[in-house]
Amino acid sequence: MEGFSVISEALPVEEMAFLRAHSLVTDPDAFGERYETAAARTPEEWVEWLHKRTEGSYRKIFALKFAGRIVGSCGAGIEEGDPPEGYIYMVYLLPEYRGRGGADLLLQKVHQWLFGVGIRRIRAKVAAPNQHAIRFYQRLGYSVLGEAGFLHEGSAIPVYQIELQRERWKEKNVNPK
């Protein structure tokens, strides 16, 4: 994790737009958006795209930095309900920064925020073919709950619903393996 840091305020729009477009080219079957959609956005639309994902106190995007450059991101939010639930989405790291501890730090900060405001469980969806991501989440304490539809409209790629309970997170963070 050395050299990595995480920010969630004053995110640079151009770097976030690059990272999103890069993720859709590199891993087109991992996200619910197509590259063509992202590539067609104007600079103003990218500002609006980022604003929609960070407005209010119940949504944030966490950005992973290395040497002053954005190299990864994770969106997080809180869904109303009784009890409210946390969710994460859009988790991506540039390939050359994977396997170096950055994703662990990024998700640690996201989990701290969500569980710190009283959320009891965090959910996410992961494309079924992305076994590397599924193993990563399981290592962090997530459970795979089962299939939850398809990646996007017209896709034949199934997605799994995964979940992390606050108690499991505490257990993994008090007694890390």
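The sections below set out a description of the structure shown in this document. (Residues numbered from 1 in each chain as written. Predicted model: local features only at pLDDT ≥ 70, side-chain atom pairs only at ≥ 80, totals over all residues. Heavy atoms only, no water.)

### Section: the layout of surface pockets
It is a probe the size of a water molecule, rolled over the atoms, that shows where empty space is left.
Next up, step 1: Space inside the largest pocket adds up to approximately 1,200 Å³.
Next up, step 2: If you trace the largest pocket, you find 45 residues lining it, with F31, M90, V91, K125 and Y137 closest to the centre.
Next up, step 3: Elements supplying a minimum of two residues to the lining of the largest pocket: helix 3 (43–52), strand 4 (85–93), helix 4 (102–116), strand 5 (121–127), helix 5 (131–139) and strand 7 (158–165).
Next up, step 4: Tallying contributions element by element places strand 4 first for the lining of the largest pocket, with 9 residues.
Next up, step 5: Of the residues assigned to the lining of the largest pocket, the class counts are 22 nonpolar, 8 polar and 15 charged. (1 Å grid on protein atoms, 1.4 Å probe; cavity = no way out; pocket = protein on both sides within 12 Å on 5 of 7 lines; lining within 4 Å. Points joined across faces, edges and corners; volume = space filled by probe spheres on them. Helix = DSSP H or I, 4+ residues; strand = E, 2+ residues; numbered from the N terminus. Nonpolar A, V, L, I, M, F, W, Y, C, P; charged D, E, K, R; others polar.)

### Re the packing of helix 1 (residues 13–26) against helix 3
Next up, step 1: For the pair helix 1 and helix 3, interaxial distance at closest approach is 10 Å and the crossing angle is 85°. Of the possible angle classes, the one that applies to helix 1 and helix 3 is roughly perpendicular. Touching V13, M16, A17 and R20 of helix 1 are W46, V47, W49 and L50, all from helix 3.
Next up, step 2: A breakdown of the residues in the contact of helix 1 with helix 3 according to their chemical character gives 7 nonpolar, no polar and 1 charged. (Axes fitted to C-alpha atoms, helices over the stretch in contact; angles between N-to-C directions. Parallel < 35°, antiparallel > 145°, perpendicular 65-115°, else oblique. Contact = heavy atoms within 4.5 Å.)

### Things to note about the packing of aromatic side chains
Next up, step 1: Throughout the structure, instances matching the rule amount to 10 aromatic pairs.
Next up, step 2: Consider the rings of F4 and F66, whose centres lie 5.0 Å apart with planes at 55°: the pair is tilted. With F4 in strand 1 (residues 4–7) and F66 in strand 2 (residues 59–66), this pair connects stretches of sequence that are 62 residues apart.
Next up, step 3: For the ring pair F62 and W113, a centre distance of 6.0 Å and an interplane angle of 50° mean the geometry is tilted. Here the residue F62 occupies a position in strand 2, and W113 occupies one in helix 4, the gap between them amounting to 51 residues. (Phe/Tyr/Trp six-rings, centres within 6.5 Å; stacked < 30°, edge-to-face > 60°.)

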